[in-house]
Amino acid sequence: MMRQVLLWASENDWARRRLPRYGFVRRAVSRFMPGEELEAALAAARQLNAAGLGAVLTLLGENVKAEADTAAVVRHYVEVMEAIRLRGLNGEISLKLTHLGLDLDPALARANLDRIAARAAELGQDVAVDMEGSGYTQRTLDLFRQVHAQHPNVGLCLQSYLRRTPDDLEALLPLKPAIRLVKGAYAEPPEIALRSKSEVDQAFLAQAQRLMRAAAGGQGPRVILGTHDRRLIGELTAWAGRASIPPSAYEFHLLYGIGREEQQRLVANGYRVRVLISYGTAWFPWYMRRLAERPANVWFVARSLFAR
């Protein structure tokens, strides 16, 4: 029930406008992001690099309403990539297509992603395309295929809880792209997405193993596993060991502020780990979805606030 309430809040216009004004909400979100400004994100990336962790930076925002706003987003991501290069950071970017204008015109979103991907290639960097709600899944896949054909440095996120994902995964494997597999954090009807935790976990496990087998020979996709579930991480690393799949064949992406001990444990054991750093002022929907992914985080945040 708590998960459904949090997902409802992430999509509610009143909650988006009003709740971020409260100081206790702003204090709570600080656990999951280093700040609203790019400079805070870059500083966090440098700290992570010093600890042996890579970084993925994403400017929070989605469903932009004007073409001029998408142009500003493109300029910002170019600035981010150039800052990563200039400062010698181990980092890359991740973005949403609705932040680039997918709601306005798919051709506009493609042109914007083309510009970002081209500059990323010049800088020797990768670009990840996030997956949004199921209403955008097919459009995201279609646009990704178009751009990836010209820019193989562009990767994609897939959500294991969607019933369609096993078929999407098989269709994408011949392209050998970077694929970040996550469980999924949007409110979806049962005919579209699995609902129970056990079903979602099993789907994630099966799809992750499929990806890892495809990458085992070194010529397959870049495999990125986006989960904080220690049981799943343990099962996957143990299975990979039995299947003689080396740690170099896959990597883990974890969220900033969550599971820091697990991040360090994985690095200490020879696994590649990146931390997703989100920043910007449009953080409320993203924050609600992060809490919904693991409702126990609500109690952690509450304890932290009362301890201040």
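What you see is a predicted model, and the numbers here were worked out from it, not measured in a lab. (Residues numbered from 1 in each chain as written. Predicted model: local features only at pLDDT ≥ 70, side-chain atom pairs only at ≥ 80, totals over all residues. Heavy atoms only, no water.)

With that out of the way, let us pick up the environment of Glu39. Tracing the backbone shows Glu39 in helix 4 (residues 38-50). A residue is classified by how much of its surface remains accessible, and Glu39, at 44% relative accessible area, is partly exposed. Spatially, the C-alpha atoms of Glu39 and Tyr279 are 9.6 Å apart, while their sequence positions differ by 240 residues. (Helix = DSSP H or I, 4+ residues; strand = E, 2+ residues; numbered from the N terminus. Buried < 20%, exposed > 50% of the residue type's maximum accessible area, 1.4 Å probe, protein only.)

Time to look at the confidence of the model for the protein chain. Mean pLDDT for the protein chain: 89, with 82% of residues reaching 70 or above. Throughout residues 302-308 the model reports pLDDT below 50, and contacts reaching past four residues in sequence, or to other chains, amount to five contacts. (pLDDT = per-residue confidence, 0-100. Contact = heavy atoms within 4.5 Å.)

Burial within strand 1 (residues 54-59) is extensive, with six of its six residues counted as buried. Of the two faces of strand 1, the one carrying Gly54, Val56 and Thr58 and the one carrying Ala55, Leu57 and Leu59 are both buried. Pairing geometry for strand 1 and strand 8 (residues 272-279), over six bridges, is parallel. Paired with Thr58 across the bridge in strand 8 is Ser278. Inspection of the sheet shows strand 1 paired to strand 2 (residues 91-95) by three bridges, in the parallel sense. The residue of strand 2 that forms the bridge with Val56 is Glu92. With helix 5 (residues 67-86) bridging strand 1 and its parallel neighbour strand 2, the resulting β-α-β unit is right-handed. (Pairing = 2+ DSSP bridges. Right-handed = clockwise from strand over helix to strand, strands pointing away.)

Here the focus is helix 6 (residues 106-122). In a regular helix each residue adds 1.5 Å, so 17 residues correspond to 24 Å; helix 6 covers 24 Å between its end C-alpha atoms and thus fits that length. Taken as a whole, helix 6 has its buried residues at Leu108, Ala109, Asn112, Leu113, Asp114, Ile116, Ala117 and Ala120. Buried residues along helix 6 sit against helix 5, strand 2, strand 3 (127-129), helix 7 (137-150) and strand 4 (154-159). Capping of helix 6 at its N-terminal end is provided by Asp105; its side-chain oxygen lies 3.0 Å from the backbone amide nitrogen of Ala107. Phi turns positive one or two residues past the end of helix 6, at Gly124, with a value near 75°. (Expected span 1.5 Å × (residues − 1). Polar contact = N/O pair within 3.5 Å; in protein donor to acceptor, adjacent residues only side chain to side chain.)

Once that is clear, we can look at the sheet that holds strand 6 (residues 222-225). What the eight strands build is a closed barrel, ordered 1-2-3-4-5-6-7-8; its pairing is parallel. Direction aside, neighbouring strands of the sheet carry axes that sit 30° apart on average. As paired elements, strand 3 and strand 4 share three bridges and run parallel to each other. Note on strand 4: the bridge partner recorded for Val127 is Val154. Packing of helix 7 onto the sheet brings it into contact with strand 3 and strand 4, and relative to strand 4 it is tilted by some 160°. (Axes fitted to C-alpha atoms, helices over the stretch in contact; angles between N-to-C directions.)

What follows concerns the environment of Ala128. Looking at the secondary structure, you find Ala128 in strand 3. Put simply, Ala128 and Val56 are 72 residues apart on the chain and 9.0 Å apart in space, counted from C-alpha to C-alpha. Aside from chain neighbours lying at most four places away, what touches Ala128 is Ile93, Ser94, Leu95, Gly155 and Arg180.

Counted according to the given criterion, the structure contains three aromatic pairs. Relative to Tyr271, the ring of Tyr250 lies with its centre 6.0 Å away and its plane at 40°, an arrangement referred to as tilted. Of this pair, Tyr250 sits in strand 7 (residues 250-255) while Tyr271 is found in the loop between helix 11 (260-268) and strand 8, placing the two residues 21 residues apart along the sequence. Since its relative accessible area comes to 17%, Tyr271 is described here as buried. Ring centres of Phe252 and Tyr271 lie 6.0 Å apart, and the angle between their planes is 75°; this geometry places the pair in the edge-to-face category. Of this pair, Phe252 sits in strand 7 while Tyr271 sits in the loop between helix 11 and strand 8, and the two are 19 residues apart along the sequence. The two residues Phe252 and Tyr271 agree in class, both being buried. (Phe/Tyr/Trp six-rings, centres within 6.5 Å; stacked < 30°, edge-to-face > 60°.)

The phi dihedral of Lys176 falls on the positive side, at around 55°, and the residue is not glycine. Tracing the backbone shows Lys176 in the loop between helix 8 (165-172) and strand 5 (178-182). Backbone geometry at Ser244 places phi at a positive 60°, although glycine is not the residue there. Within the secondary structure, Ser244 sits in the loop between helix 10 (230-242) and strand 7. Owing to a relative accessible area of 63%, Ser244 belongs among the exposed residues under this scheme.

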